[in-house]
Amino acid sequence: MDGSNQLGEFLRARRELTRPADFGLPDPGRRRVPGLRREEVALLAGMSADYYIRLEQGRDKHPSEQVIEALARVFTLDDEGVAHLRALARPATRRRRRPSQPERISPRLERLLDVWTDTPALVVGRYLDVLGNNRLAAALNRCSVKGANQLRVIFLDPETRQIYADWERVAAETVATLRTTAGTDIDDPRLTELVGELSLKSEEFRRLWARHDVGAKTAGTKRYVHPMVGELTLAYETFSVNGHPGQFLIVYHAEPGSPSEQALRLLSSATATAPSAELTSPAARPGA
């Protein structure tokens, strides 16, 4: 990854994803390039074409707030997208990088996870490495096993396409989450290694990473097809872990009285006495 022109790469990606038809422009089928032309973006944002081209090419990297708001309007960015655009336009002063230390879950939080026997819960780190989980989370989904990296499992383990009923949506949201947590620090060695590996091994990841989508998964629902208990629809909530920047606690729950709640209870009962090794698939183990 080359982080020298992050702003330009983001603008180009969003321009190519913006539909000309939304602005009453000619049929995109007769265009040589996807999305809007640079000159069209400039016109819609009320700036000169030369200035916008300089932004994309990295010859000007610090647009004003007025320009940021105009571009956000053209590209229909949500709040997280606008915040990301501002961060790219006004990057924080970088301090000398300290040697990275392995991310670890606190022992107290790990004990708390174990207490929640009827609630799938896990803790992930900055790069979506699973730092800790309880038994029910491991039984529910191989992406939730300690030592796994969720991106590696989603994109490199074919079985996740059967586990996730909406695999394409889950994959896109997970990549957007990585973009959000990484922020503008995309030359971090751990991130470079992970993105490089996935870009080489997965065409889907390479395509989604090139979109420059951002979005933190703070809450939502996921649909699973579990080989033991069938289909489940679970809601999830995400919480920042105090004192451990970049770590998030993710807790899943089912609608009270729903078939999914019954399936989750059945899964909890069925796996309550199973050896921990049986809950960990080879694809989710460290180093797999």
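Residues numbered from 1 in each chain as written. Predicted model: local features only at pLDDT ≥ 70, side-chain atom pairs only at ≥ 80, totals over all residues. Heavy atoms only, no water.

**Overview of the environment of threonine 233**
Defined as follows: Think of it this way: any DSSP run of H or I at least four residues long counts as a helix, any run of E at least two long counts as a strand, and we number them from the N terminus. Here the term buried applies to any residue with accessible area under 20% of the maximum for its type, exposed to any over 50%, and partly exposed to those in between, with areas from a 1.4 Å probe on protein chains only. Contacts between residues were defined by any pair of non-hydrogen atoms, one from each residue, lying within 4.5 Å.
Its location among the elements puts threonine 233 in strand E4 (residues 230–240). Under the relative-accessibility criterion, threonine 233 is labelled partly exposed at 38%. Expressed as a C-alpha distance, the spacing of threonine 233 and glutamate 255, which sit 22 residues apart in the sequence, is 8.4 Å. Beyond its immediate stretch of four places on either side in the chain, threonine 233 contacts Lys222, Arg223, Ala254 and Ser260.

**Some details on the packing of aromatic side chains**
Worth spelling out the cut-off: Pairing of aromatic side chains here covers Phe, Tyr and the six-membered ring of Trp, requires ring centres within 6.5 Å, and sorts the geometry by plane angle: under 30 degrees stacked, over 60 edge-to-face, intermediate tilted. Note on criteria: charge over ring means Lys NZ or Arg CZ within 6 Å of the ring centre, with the direction from the centre no more than 35 degrees off the ring normal.
Using the criterion set out here, one finds six aromatic pairs in the structure. The interplanar angle of 75 degrees and the centroid separation of 5.8 Å between the aromatic rings of phenylalanine 155 and tryptophan 167 together place this pair among those described as edge-to-face. With phenylalanine 155 in helix H8 (residues 150–156) and tryptophan 167 in helix H10 (residues 167–182), this pair connects stretches of sequence that are twelve residues apart. For the pair phenylalanine 155 and tryptophan 167, one class covers both residues: buried. Pairing tyrosine 236 with tyrosine 252 gives two aromatic rings, centres 5.9 Å apart and planes at 55 degrees, and the pair type is tilted. Taken together, the residues span a long stretch of sequence, with tyrosine 236 in strand E4 and tyrosine 252 in strand E5 (residues 248–253) at a distance of 16 residues. Residue classification places tyrosine 236 among the buried positions, given a relative accessible area of 5%. Residue class for tyrosine 252 comes out buried when judged on its relative accessible area of 4%. Taken together, the ring pairs connect Phe155, Trp167, Phe205 and Trp209 into an aromatic cluster. The aromatic ring of tyrosine 236 is capped on one face by lysine 222, whose charged end is 5.5 Å from the ring centroid.

**Focus on the sheet that holds strand E2 (residues 130–133)**
Going by this rule: By the convention used here, strands pair only if DSSP detects at least 2 bridges between them. In this analysis, axes come from line fits to C-alpha atoms, helices being fitted only over the stretch in contact, and the angle between any two N-to-C directions falls in the range 0 to 180 degrees.
The strand order across the open sheet built from five strands is E2-E1-E5-E4-E3, with neighbouring strands paired in antiparallel fashion. Single-partner strands in this sheet number two, and they are E2 and strand E3 (219–226). Each strand axis lies, on average, 30 degrees off the axis of its neighbour in the sheet, ignoring direction. Pairing between strand E1 (residues 121–124) and E5: four bridges, direction antiparallel.

**So, helix H4 (residues 65–74)**
Within the sequence span of H4, burial applies to Val67, Ile68, Ala70, Leu71, Ala72 and Val74. Here the buried face of H4 lies against helix H1 (6–17), helix H2 (38–45), helix H3 (49–57) and helix H5 (79–89). Positive backbone phi, approximately 50 degrees, marks threonine 76, located one or two places after H4.

**Looking at the environment of leucine 131**
Locating leucine 131 in the fold gives a position in strand E2. In this structure, leucine 131 is in contact with Glu103, Arg104, Ile105, Glu110, Val123, Val124, Gly125, Lys146 and Gln247, ignoring residues within four places of it in sequence.

**Focus on the pairing of E3**
Where E3 meets E4, eight bridges bridge the pair, whose relative direction is antiparallel. The residue of E4 that forms the bridge with glycine 220 is tyrosine 236. The antiparallel hairpin formed by E3 and E4 contains three residues in its connecting segment.

**A short note on the nonpolar core**
What counts here: For the purposes of this section, nonpolar cores are sets of buried Ala, Val, Leu, Ile, Met, Phe, Trp, Tyr and Cys residues that join through side-chain atoms within 4.5 Å.
Counting 41 residues, the largest nonpolar core has Leu151 and Phe155 as its most contacted members. Ranked by residues supplied to this core, first place goes to H10 with six residues. Phenylalanine 155 has contacts with Trp167, Ala171, Val175, Leu198, Ser202, Glu204, Phe205 and Leu208, leaving out every residue within four places of it along the chain. Ranked by size, the runner-up nonpolar core spans 23 residues in total, among them Phe10, Leu11, Val41 and Val74.

**What to know about the confidence of the model for the protein chain**
For residues with low pLDDT, the predicted coordinates do not support detailed interpretation. Spelled out, the test is: Per residue, pLDDT captures the predictor's confidence, and it can take any value from 0 to 100.
Here the protein chain shows a mean pLDDT of 88. Residues at 70 or above account for 88%. Ranking the helices and strands of the protein chain by mean pLDDT puts E1 first, with 97, and H5 last, with 92. The low-confidence segment residues 281–288 (pLDDT under 50) makes 17 contacts with residues lying over four places distant or belonging to another chain.

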